[in-house]
Amino acid sequence: MDRFVWTSGLLEINETLVIQQRGVRIYDGEEKIKFDAGTLLLSTHRLIWRDQKNHECCMAILLSQIVFIEEQAAGIGKSAKIVVHLHPPPSNKEPGPFQSSKNSYIKLSFKEHGQIEFYRRLSEEMTQRRWENMPVSQSLQTNRGPQPGRIRAVGIVGIERKLEEKRKETDKNISEAKEMVELSKSIANKIKDKQGDITEDETIRFKSYLLSMGIANPVTRETYGSGTQYHMQLAKQLAGILQGPLEERGGIMSLTEVYCLVNRARGMELLSPEDLVNACKMLEALKLPLRLRVFDSGVMVIELQSHKEEEMVASALETVSEKGSLTSEEFAKLVGMSVLLAKERLLLAEKMGHLCRDDSVEGLRFYPNLFMTQS
Amino acid sequence: MAMSFEWPWQYRFPPFFTLQPNVDTRQKQLAAWCSLVLSFCRLHKQSSMTVMEAQESPLFNNVKLQRKLPVESIQVVLEELRKKGNLEWLDKNKSSFLIMWRRPEEWGKLIYQWVSRSGQNNSVFTLYELTNGEDTEDEALQPCPAHHSRWAKLEASSESKLPD
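- Chain B goes by Vacuolar protein-sorting-associated protein 25 in an unreviewed UniProt entry, where it is assigned to Canis lupus dingo.

- An unreviewed UniProt entry lists chain A under the name Vacuolar protein-sorting-associated protein 36, from Canis lupus dingo.
- UniProt lists a comment for chain A under the heading Sequence similarities (unreviewed entry), and it reads "Belongs to the VPS36 family."

## Observations concerning the overall build of chain A
Stage number 1. For chain A, the helix and strand inventory stands at 13 helices and 14 strands.
Stage number 2. Roughly 21000 Å² of accessible area belongs to chain A as shown, and the carbon and sulfur atoms make up 54% of that amount.

## What to know about the nonpolar core
A general tendency of soluble globular proteins is for nonpolar side chains to be buried together.
Stage number 1. If you look at the biggest cluster of nonpolar residues, it comprises 34 residues, and the most contacted ones within it are Trp33(B), Val37(B), Phe60(B), Leu78(B), Leu81(B), Phe97(B) and Ile99(B).
Stage number 2. Taken together, the elements giving at least two residues each to this core come down to helix H1 (23-43), helix H2 (51-56), helix H3 (71-84), strand S4 (87-89), strand S5 (96-99) and helix H4 (104-117) of chain B.
Stage number 3. If you tally residues by element for this core, the top one is H1(B), at nine residues.
Stage number 4. Core analysis: the second largest hydrophobic core is formed by 29 residues, Ile19(A), Leu63(A), Ile66(A) and Ile106(A) among them.

## Focus: the sheet that holds strand S10 (residues 252-254) of chain A
Residue and element names in this part refer to chain A.
Stage number 1. The strand order across the open sheet built from three strands is S10-S12-S11, with neighbouring strands paired in antiparallel fashion. Only two strands of the sheet have a single partner each, and these edge strands are S10 and strand S11 (290-294). Between one strand axis and the next, the sheet turns through 25° on average, direction left out of account.
Stage number 2. Examined bridge by bridge, S11 and strand S12 (residues 300-304) share five bridges and lie antiparallel to one another. The partner of Leu 290 across the bridge, within S12, is Leu 304.

## Examining helix H12 (residues 339-351) of chain A
Residue and element names in this part refer to chain A.
Stage number 1. The terminal C-alpha atoms of H12 lie 18 Å apart, and with 13 residues this matches the ideal 18 Å at 1.5 Å per residue to within 8%.
Stage number 2. Along H12, the positions that sit buried rather than exposed are Leu 341, Ala 342, Glu 344, Arg 345, Leu 346, Leu 348, Ala 349 and Glu 350.
Stage number 3. Downstream of H12 by a residue or two, Gly 353 has a phi angle that is positive, lying close to 90°.

## Notes on the sheet that holds strand S1 (residues 48-50) of chain B
All names here are of chain B.
Stage number 1. Pairing in this open sheet of three strands is antiparallel, and the strands run S1-S5-S4 from one edge to the other. Where the open sheet ends on each side, the last strands, each with one partner, are S1 and S4. Looking at each pair of strands side by side, their axes are set apart by 25° on average, direction ignored.
Stage number 2. Sheet analysis places S1 next to S5, joined by three bridges and oriented antiparallel. By the bridge assignment, Met 49 is partnered in S5 with Phe 97.
Stage number 3. In the packing of H3 onto the sheet, the strands contacted are S4 and S5, and the crossing angle to S4 comes to about 110°.

## Observations regarding the interface of chain A and chain B
Stage number 1. Counting residues at the interface gives 18 residues for chain A and 16 residues for chain B.
Stage number 2. At the boundary of chain A with chain B, total buried surface from both sides reaches about 1400 Å², with 63% on carbon and sulfur atoms.
Stage number 3. Considering only the surface of chain A that becomes buried against chain B, Arg357(A), Phe371(A) and Met372(A) emerge as the three largest contributors, covering 41% of it.
Stage number 4. The interface formed by chain A and chain B holds two salt bridges in total.
Stage number 5. Across the pair Arg67(B) and Asp358(A) runs a salt bridge whose closest N-O atoms are separated by 2.7 Å.
Stage number 6. Remark: the boundary between chain A and chain B carries seven residue pairs in polar contact (both at pLDDT 80 or more).
Stage number 7. When contributions to the side of chain A that touches chain B are tallied by element, the ones reaching two or more residues are H12, strand S13 (355-360), strand S14 (363-368) and helix H13 (370-373) of chain A.
Stage number 8. Here the side of chain A that touches chain B takes five residues from S13(A), the largest share from any one element.
Stage number 9. Of the residues assigned to the side of chain A that touches chain B, the class counts are seven nonpolar, five polar and six charged.

## Examining the side chain of Arg365(A)
All names here are of chain A.
Stage number 1. Along the chain, Arg 365 falls in strand S14.
Stage number 2. Side-chain polar atoms of Arg 365 contact the side chain of Ser 325, separated by 2.7 Å.
Stage number 3. Setting aside its immediate chain neighbours within four residues, Arg 365 contacts Ser 325, Leu 326, Thr 327, Glu 330, Cys 356, Arg 357 and Asp 358.

## Regarding the packing of H1(B) against H3(B)
All names here are of chain B.
Stage number 1. It is the contact of H1 with H3, at a shortest axis distance of 10 Å, that shows an interaxial angle of 75°. The angle between H1 and H3 falls in the class roughly perpendicular. Taken together, the residues of H3 that come into contact with H1 (itself represented by Leu 30, Trp 33, Cys 34, Val 37 and Leu 38) are Val 76, Val 77, Glu 80, Leu 81 and Lys 84.
Stage number 2. Class assignment of the residues belonging to the contact of H1 with H3 gives a composition of eight nonpolar, no polar and two charged.

## Here's the deal with H3(B)
All names here are of chain B.
Stage number 1. End to end, H3 covers 20 Å across 14 residues, agreeing with the expected 20 Å (1.5 Å per residue, within 8%).
Stage number 2. If you check which residues of H3 are buried, you get Ser 73, Ile 74, Val 77, Leu 78 and Leu 81. Viewed along the axis of H3, the buried residues span an arc of 145°, placing them on a single side of the element. Opposite its buried face, H3 presents the exposed residues Glu 72 and Lys 83, each directed more than 90 degrees away.
Stage number 3. Looking at the buried positions of H3, the neighbouring elements they touch are H1, H2, S4 and S5.
Stage number 4. Positive phi shows up at Gly 85, right after H3, with a value of about 95°.

## Side note on the packing of helix H11 (residues 328-335) of chain A against H12(A)
Residues and elements named next belong to chain A.
Stage number 1. Between H11 and H12, whose axes approach to 8 Å, the crossing angle comes to 110°. With respect to H12, the axis of H11 lies roughly perpendicular. On the side of H11, the interface is formed by Ser 328, Glu 329, Phe 331 and Ala 332, while H12 contributes Val 339, Ala 342, Lys 343, Arg 345 and Leu 346.

## What about the packing of aromatic side chains?
Residue and element names in this part refer to chain B.
Stage number 1. Within the structure shown, the criterion is met by 17 aromatic pairs over all chains.
Stage number 2. Here Phe 5 and Phe 40 contribute two aromatic rings whose centre-to-centre distance is 5.6 Å and whose plane-to-plane angle is 85°, an arrangement assigned as edge-to-face. Of this pair, Phe 5 sits in the segment before H1 while Phe 40 sits in helix H1, placing them 35 residues apart in sequence. The pair formed by Phe 5 and Phe 40 is uniform in burial state, with each residue classed as buried.
Stage number 3. Between Phe 16 and Trp 33 the ring centres are 4.0 Å apart and the planes differ by 5°, which places this aromatic pair in the stacked class. Residue Phe 16 is located in the segment before H1, and its partner Trp 33 is located in helix H1; the two are separated by 17 residues in the primary sequence. Both residues of the pair, Phe 16 and Trp 33, count as buried.

Reading the values: the criteria
- Residues numbered from 1 in each chain as written.
- Chains lettered and ligands numbered in written order.
- Predicted model: local features only at pLDDT ≥ 70, side-chain atom pairs only at ≥ 80, totals over all residues.
- Heavy atoms only, no water.
- UniProt positions renumbered as here; feature names shortened; annotations may be inferred.
- Helix = DSSP H or I, 4+ residues; strand = E, 2+ residues; numbered from the N terminus.
- Areas by Shrake-Rupley, 256 points an atom, 1.4 Å probe, with all protein chains shown as cover.
- Core = buried A, V, L, I, M, F, W, Y, C linked by side-chain atoms within 4.5 Å.
- Buried < 20%, exposed > 50% of the residue type's maximum accessible area, 1.4 Å probe, protein only.
- Pairing = 2+ DSSP bridges.
- Axes fitted to C-alpha atoms, helices over the stretch in contact; angles between N-to-C directions.
- Expected span 1.5 Å × (residues − 1).
- Contact = heavy atoms within 4.5 Å.
- Buried area = accessible area lost by both parts, 1.4 Å probe.
- Salt bridge = Lys/Arg side-chain N within 4 Å of Asp/Glu carboxyl O.
- Polar contact = N/O pair within 3.5 Å; in protein donor to acceptor, adjacent residues only side chain to side chain.
- Nonpolar A, V, L, I, M, F, W, Y, C, P; charged D, E, K, R; others polar.
- Parallel < 35°, antiparallel > 145°, perpendicular 65-115°, else oblique.
- Arc of directions from axis to C-beta.
- Phe/Tyr/Trp six-rings, centres within 6.5 Å; stacked < 30°, edge-to-face > 60°.

In structure tokens, the structure reads:
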């Protein structure tokens, strides 16, 4: 907590705001201190905290002082937190709220949520280290923490050297990741060989561990360069895999069904949900014969381009009229669809004014919309 | 009287008792509810009600169909009636209300028409005579609750046709 310095909270020239979040409390190590409700701002150079009740109380820490950060998930009665580990303070540090502290880390508690996005942005800034390339006023620079073994270079040579170092670090990470991928692959193969002795349950569990570790093709990503290129390739792959299954299922499938189907087909190199969604978002742009559609309720589906959900609504109306009234489950059974998609179709029919609803303790039923058709 | 009341087709249609999310459908539904409330109250000569009574009354509670309009939706219906000029709240808590199956302006017109027809302009009438007198017996003025008349007379006189 003694790394913070008092600041006006105004950004310097060349310093840009990245993200801010209200309702953040600071802990000195594990201890609660009086700074319990503030707005946390992340800039390209600093982490600034301003008291919500007293705007004059404003302090900051340079990003260069951060060694690394960790996430702490929310619990019952506890907000999600980010743990920030810090370098020791420089000797010429400007005054701040605490003269000394026994802790070399602080915790930021997000009482009004926003931790996930903030952590993501802070990690990005820590990786990009934009403050090194964008010089700001002297007052900020002199507060740099000691960087043992680092030669302070200036000018183009300095920038080049920093880029080199960054590249070396990234290479080191990739080689370590490669080791991990090799290891998991060998374990996976051993499992495959012993297929008879291992239960399906365990295999599925192991596969899910791999997924959680993000083994989803880190090497493949490298081959394809930027993430978007990767997603483009993936989108084309998906179009090929899904054409058949979609036709079998009446031209429409929920994204969860697609996720399960695709990963089962792939075997070991599982797709993460984010990669699947990002690839699907590109389907229409790439003029592939499928598209991603998001219903009002938030449910995401993949449709064949030739599939016209609005036309299916007309046939849904006929089905409901024949039976007088139907619930989503009854309709799903009649038509041979999943209940999720059946409900979406009925809701779309209601939105278009063809059906109306009867919501009671007996459940949710849909009727032909007699309000409109009968005078 | 209650027996011969003819319920509209909507009353036997279960969705009638669920406030419809589709805006156009809801418009039709509320219009049907408003006219049902007014005709029910007129026939039962009920000019005021509490919200609690309304909830349990057969008006909003179709026991045979096993459907009742939830209280939040009843309040939406009452608000519609208020906007149309057919309802007035009797208290700040909105727990009881006045139902005017004819709006005051409509009463005002009727009274004026009756008065002109019976050639009695510029005579003074009491409220009682207007609502219960022999002359008015067969006229549409009859089931006109006293407080309606009060409003109506104010309306009629404000058109500067009747003395107050």
